[in-house]
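Geometric and topological summary
Residue-level listing of the chains:
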Amino acid sequence: MATNDTEFIFPERYCEQLGNLRGESWMQLITQVSNEEKDSVNRIALVYMIARINGCGNCNSDAFRAMKGCLMCAKNSIKRYRGSDKELLEQFSHAKQEIVDYLETGKSHYR
């Protein structure tokens, strides 16, 4: 079943729908970030982190996950993430630092 919910990268409008997929610390992060402005560093970092976990850069319209849509893909990726919530929060911190570094220097340090 195909959906028209597939975009180039994970859409930030779905961030708050990911809150109940993990533990309390994950929910707190999602709640905090979802209440911020759409162009806040935290919100951008969350989208960036989720896009990396989901593999949005390798997705295409013929992929099975694209046919299910971005929200379903993100939900599955976050639920299946093998690390702890603490590790997810660390991923978020690293993504945020990369965003801040890029905004300050104009250079990406992503490997």
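Since the structure is predicted, the reported quantities are computational estimates derived from the model, not experimental observations.

**Concerning the overall build of the chain**
Within the chain one finds five helices and zero strands. Tracing the chain from N to C terminus, the helices and strands come up as α-α-α-α-α. A buried classification covers 38% of the 111 residues belonging to the chain. Sequence-distant contacts, at least 24 apart, represent 65% of the contacts inside the chain between residues at least 6 apart.

**Thoughts on the nonpolar core**
Of all hydrophobic cores here, the largest spans 24 residues; its most connected members are Phe 10, Leu 18, Trp 26, Leu 46, Met 49, Ile 50 and Phe 92. Among the secondary structure elements, those contributing two or more residues to this core are α1 (24-34), α2 (41-54), α4 (70-80) and α5 (85-105). Per element, the largest residue contribution to this core is six residues, and it comes from α2. With residues near it in sequence (within four places) discarded, Leu 46 still touches Cys 15, Trp 26, Leu 29, Ile 30, Val 33 and Phe 92.

**Overview of the confidence of the model for the chain**
Taken residue by residue, the chain gives an average pLDDT of 86. The fraction at 70 or more is 87%. Within the chain, helix α3 (residues 64-68) has the poorest average pLDDT of any element, 71, and α1 the best, 96.

**Points about the pattern of salt bridges**
Per the stated rule, a full pass over the model turns up four salt bridges. In this structure, Lys 38 and Glu 12 form a salt bridge, with 3.8 Å as the shortest nitrogen-oxygen distance. Placement of Lys 38 in the loop between α1 and α2 and of Glu 12 in the segment before α1 is noted, with a sequence separation of 26 residues between them. On the accessibility criterion, Lys 38 (59% relative accessible area) is exposed. A salt bridge links Glu 98 to Arg 52; the shortest N-O distance between them is 2.7 Å. Here the residue Glu 98 occupies a position in helix α5, and Arg 52 occupies one in helix α2, the gap between them amounting to 46 residues. The exposure class of Glu 98 is partly exposed, given its relative accessible area of 22%. Put simply, Glu 12, Lys 38 and Arg 43 are held in one network by salt bridges that share partners.

**Focus on the environment of Ile 44**
For Ile 44, the location among the structural elements is in helix α2. The class of Ile 44 is partly exposed, set by a relative accessible area of 36%. Along the primary structure Ile 44 and Val 33 are separated by eleven residues, whereas in three dimensions their C-alpha atoms are 9.3 Å apart. For Ile 44, the contacting residues outside a window of four places in its chain are Lys 38, Asp 39 and Ile 99.

Conventions used here
- Residues numbered from 1 in each chain as written.
- Predicted model: local features only at pLDDT ≥ 70, side-chain atom pairs only at ≥ 80, totals over all residues.
- Heavy atoms only, no water.
- Helix = DSSP H or I, 4+ residues; strand = E, 2+ residues; numbered from the N terminus.
- Buried < 20%, exposed > 50% of the residue type's maximum accessible area, 1.4 Å probe, protein only.
- Contact = heavy atoms within 4.5 Å.
- Core = buried A, V, L, I, M, F, W, Y, C linked by side-chain atoms within 4.5 Å.
- pLDDT = per-residue confidence, 0-100.
- Salt bridge = Lys/Arg side-chain N within 4 Å of Asp/Glu carboxyl O.

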